[in-house]
Structures are given as C-alpha cells and as structure tokens.
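What follows is each chain in one-letter form.
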Amino acid sequence: MTPIESDADVLIRPGTAEDLAEIAELFIATRRDAVPQMPPVVSDDDAIRQWFADHCDTHEYWVAEDGEIIGFAMLDGAWLNSLYVGPPRQGSGIGSMLLDLIKAQRPDGFGLWVFASNASARGFYHRHGLVELEHTDGSANAERSPDVRMAWPGQDPIRYLRGRIDDVDDELALLLARRFALTATVQGYKSTPGQQGRDSARERAIAERMAAHAPGLGADAIARIMHAVISESLDAYESRGPR
Ligand SMILES: O=C(O)C(=O)C[C@]1(C(=O)O)C=C[C@@H](O)C=C1
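Only a predicted model underlies this, so the values are computations on that prediction, with no experimental measurement involved.

### Some thoughts on the overall build of the chain
Per the secondary structure count, the chain includes seven helices and eight strands. In summary, the chain has a C-alpha radius of gyration of 24 Å against a globular reference of 18 Å for 243 residues, an excess of more than 25%. The principal-axis extent of the C-alpha atoms belonging to the chain is close to 80 × 40 × 30 Å.

### Overview of the UniProt feature "domain: N-acetyltransferase" (unreviewed entry) in the chain
Within this numbering scheme, the UniProt entry marks residues 10–155 as carrying the feature "domain: N-acetyltransferase" (unreviewed entry). Across residues 10–155, helical content stands at 32% and strand content at 29%; the span's end C-alpha atoms are separated by 27 Å.

### Considering the environment of Asp-54
Assignment of secondary structure puts Asp-54 in helix H2 (residues 45–54). Among the residues examined, Asp-54 registers 10 C-beta atoms within 10 Å and is labelled exposed.

### Brief notes about helix H6 (residues 200–213)
The end-to-end C-alpha distance of H6 is 21 Å, a good match for the 20 Å that 14 residues give at a rise of 1.5 Å each. Taken across its 14 residues, H6 has zero buried, putting it largely on the surface.

### Remarks on the packing of helix H1 (residues 20–34) against H2
It is at 9 Å that the axes of H1 and H2 come closest, and there the two elements cross at 140 degrees. With respect to H2, the axis of H1 lies oblique. As H1 packs across H2, the resulting crossing turns out to be right-handed. Here Leu-20, Ile-23, Ala-24, Phe-27 and Ile-28 of H1 come into contact with H2, specifically with Asp-45, Ile-48, Arg-49, Phe-52 and Ala-53.

### Let's talk about the environment of Ala-73
Inspection of the secondary structure assignment puts Ala-73 in strand E4 (residues 69–76). By C-beta crowding, Ala-73 is classed as buried, having 26 other C-beta atoms within 10 Å. For the pair Ala-73 and Tyr-84, spaced 11 residues apart in sequence, the C-alpha to C-alpha distance is 6.5 Å. In contact with Ala-73, other than residues within four places in its own chain, are Trp-62, Leu-80, Ser-82, Leu-83, Leu-98 and Ile-102.

### A short note on the site of the ligand
The full set of residues close to the ligand is Thr-183, Val-186, Lys-190, Arg-198, Asp-199, Arg-202, Glu-203, Ile-206, Ile-230 and Ser-233. The set of elements that each furnish at least two residues to the shell around the ligand consists of helix H5 (157–189), H6 and helix H7 (219–240). Looking at which element gives the most residues to the shell around the ligand, the answer is H6, with three residues. Its residues assigned to classes, the shell around the ligand comprises three nonpolar, two polar and five charged.

### A closer look at the nonpolar core
Generally speaking, a soluble globular protein has its nonpolar side chains buried in company with each other. In terms of nonpolar packing, the biggest core is built from 33 residues, with Ile-23, Trp-62, Ala-64, Phe-72, Ala-73, Ile-94 and Leu-98 touching the most fellow members. Of all the secondary-structure elements, those providing two or more residues to this core are H1, strand E3 (60–65), E4, strand E5 (79–85), helix H3 (94–105), strand E6 (110–115), helix H4 (119–127) and strand E8 (147–152).

### Let's talk about the packing of H6 against H7
Their axes nearest at 8 Å, the elements H6 and H7 cross at an angle of 125 degrees. If you check the angle between H6 and H7, you find them oblique. The handedness of the crossing between H6 and H7 is right-handed. Facing Glu-203, Arg-204, Ile-206, Ala-207, Glu-208, Met-210 and Ala-211 of H6, the residues of H7 in contact are Ala-219, Ile-222, Ala-223, Met-226, His-227 and Ile-230. For the contact of H6 with H7, a count of residues per class yields nine nonpolar, one polar and three charged.

### Topic: the pairing of E5
Taken together, the six bridges between E4 and E5 define a ladder with antiparallel strand orientation. Paired with Ala-73 across the two strands is Leu-83, which belongs to E5. What sits between E4 and E5 in their antiparallel hairpin is a turn of two residues, with Gly-77 showing a positive phi close to 60 degrees.

What counts and what doesn't
Residue numbering note: each chain is counted from 1, following its sequence as written. Local features are withheld for residues below a pLDDT of 70 in this predicted model, meaning they are given only at 70 or higher, and side-chain atom pairs are given and counted only at 80 or more; totals for whole chains, interfaces and linings count all residues. Going along the chain from the N terminus, every DSSP run of H or I of four or more residues is numbered as a helix, and every run of E of two or more is numbered as a strand. Between the two quantities, the radius of gyration covers C-alpha atoms and the globule rule is 2.2 Å times the number of residues to the power 0.38. UniProt positions are given in the numbering used here, feature names are shortened, and annotations may be inferred rather than shown by experiment. Exposed residues have 12 or fewer other C-beta atoms within 10 Å of their own C-beta, buried residues have 20 or more, and partly exposed residues fall in between, where C-beta atoms are placed from the backbone. For a helix, the expected span equals 1.5 Å multiplied by the residue count minus one. Only C-alpha atoms enter the line fits that serve as axes; for helices the fit covers just the stretch in contact. Angles between N-to-C directions range over 0 to 180 degrees. Just so you know how the angles are binned, under 35 degrees is roughly parallel, over 145 roughly antiparallel, 65 to 115 roughly perpendicular, and the rest oblique. Less than a right angle of anticlockwise turn of the near helix away from the far helix marks a crossing as left-handed, whereas a clockwise turn marks it as right-handed. Contact criterion: two residues are in contact if their C-beta atoms, reconstructed from the backbone, are within 7 Å. Near, for a residue, is defined by distance from a backbone-placed C-beta atom to a molecule or strand, with 6 Å as the limit that must not be exceeded. Nonpolar residues are Ala, Val, Leu, Ile, Met, Phe, Trp, Tyr, Cys and Pro. Charged residues are Asp, Glu, Lys and Arg, and all others, Gly as well, are polar. What makes a nonpolar core is a set of buried Ala, Val, Leu, Ile, Met, Phe, Trp, Tyr and Cys residues, with links drawn between C-beta atoms within 7 Å. Two strands are counted as paired when DSSP detects at least two bridges linking them.

Shown next, in the form of structure tokens:
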C-alpha cells in the first residue's frame with residue numbers, strides 16, 4: 001500500500017479489518033501502561049477485543065507501523081475516538097504524525113474527549129493547536145472520570161465553533177421549551193390567592209442548585225439568566241393561558 005506519510009522507518013496507512021486484532025492488543029497494552037494518568041478501562045480484555053472486531057466498518061482507522069503496528073487512530077465522523085501510541089515508541093513523534101494526518105483528513109475540524117488526569121495528552125493536543133471546550137465531572141463516561149472535550153477547529157475556526165454553538169443551542173431550545181411548559185403547568189396549581197406570582201426564595205434555590213452543576217458560571221450569573229427565563233415563561237403563560 002502507498003504510504004500516506006512516512007519517515008525513515010515509520011509508515012502511516014489506513015487500517016484494515018486485518019489490523020484490528022493487533023490494534024486491540026496495542027490499545028489494551030497502552031491503556032494498562034497509562035494508569036494512573038488514565039483510569040483503567042472498565043471492560044475486560046476479551047470485551048475490548050470483541051469491540052474492535054465489531055467496529056471494523058463503523059469507524060475509520062489509521063495505523064503507524066514499523067513492521068508491526070506501533071500506533072493507531074480511530075475516527076467516527078468528526079470525532080477522533082482514539083489516538084494511541086504504544087509505550088515503546090511514545091515521545092518519538094508518532095502521535096504528531098498521526099494527528100497531522102487526521103487534520104488533513106478532517107480540514108473542517110474534529111473533536112475528542114481526553115481524561116482530565118491525562119496531563120501529557122492535554123499538553124500534546126494544546127501544542128498541536130487544539131482547544132478545550134468543555135470540562136465534565138465524568139458522570140457520562142464509562143470510567144466515571146472527569147474529562148475534557150477538546151477540538152481542532154479546522155481551517156475556519158469561527159465556522160467550526162459556530163457549528164458547536166448551534167449544536168448546544170438546539171439542545172438548549174428543547175430544554176427551554178420543556179421548562180416553559182413546566183412553569184405554565186405549575187401556575188395552573190397556584191390559583192389560590194397569595195400563591196400566585198414569583199417566589200424569590202424558590203428562584204434563589206434554583207440558581208444555587210444549578211450552580212452545583214456549573215460552578216464556573218456561579219449562582220449569581222445563573223440567577224440573572226433564570227430570572228429572564230422565568231419572566232419570559234410567566235409572560236408567555238399569561239398571554240397564552242394554560243395549554
Ligand atoms: O415554583 C414555583 O412556584 C413556580 O411558579 C415555578 C417558577 C419556575 O419557573 O421555576 C416560576 C416562578 C417562581 O418565582 C418560582 C419558580
């Protein structure tokens with residue numbers, strides 16, 4: 001196969017179904033070696049092997065080899081799911097070669113998740129122009145370990161980042177619609193005189209509760225945002241009435 005990129009002894013080429021068993025072993029060995037910088041993989045080794053065998057057609061693979069596979073990248077659309085270089089060749093530029101190739105393959109940008117504890121990977125991605133977009137508490141990943149969403153924003157970073165803003169706004173619009181509907185429903189039960197209108201203690205409690213999920217925003221900023229959300233919800237309820 002024609003090399004896509006190569007130096008003296010390393011060939012980067014597309015991964016094929018025949019590579020998946022070797023890729024799985026490299027993944028297992030690399031993750032084992034990376035503890036505690038990365039949390040241990042939750043699945044057992046056979047489940048990992050099976051996962052790679054089952055995800056041949058659904059993902060795009062690239063491998064670095066010097067006779068045997070020494071690193072690989074796995075992509076799923078605009079997501080870089082994995083980029084691993086085996087322990088013996090770490091720090092020798094293989095990761096940079098793979099990442100450069102992926103940038104060329106995804107000129108409009110791509111995202112990835114990295115464990116917050118993995119300082120060397122975060123530093124590597126920073127040095128290669130990726131940005132951190134989001135920090136989580138880890139409750140959504142299998143390892144339950146805080147992680148960081150990073151992105152390479154591609155050749156037109158504003159366009160890429162506006163695309164991500166649109167993604168979030170699509171979710172936000174649905175959440176706002178759900179919240180508007182709940183505010184309206186509660187008003188239907190607050191018909192008793194003295195119960196109508198706003199409850200500032202409840203609104204403060206809402207802001208404090210939300211701030212626990214988003215400490216970076218702070219309760220005061222959230223309170224101002226929620227004041228606008230609740231005002232609009234109540235106005236909509238009053239002008240439209242219960243549904
Ligand atoms: O919990 C209430 O009593 C509501 O009316 C709901 C709600 C809200 O939308 O969260 C709206 C107005 C109040 O000031 C407090 C909260």
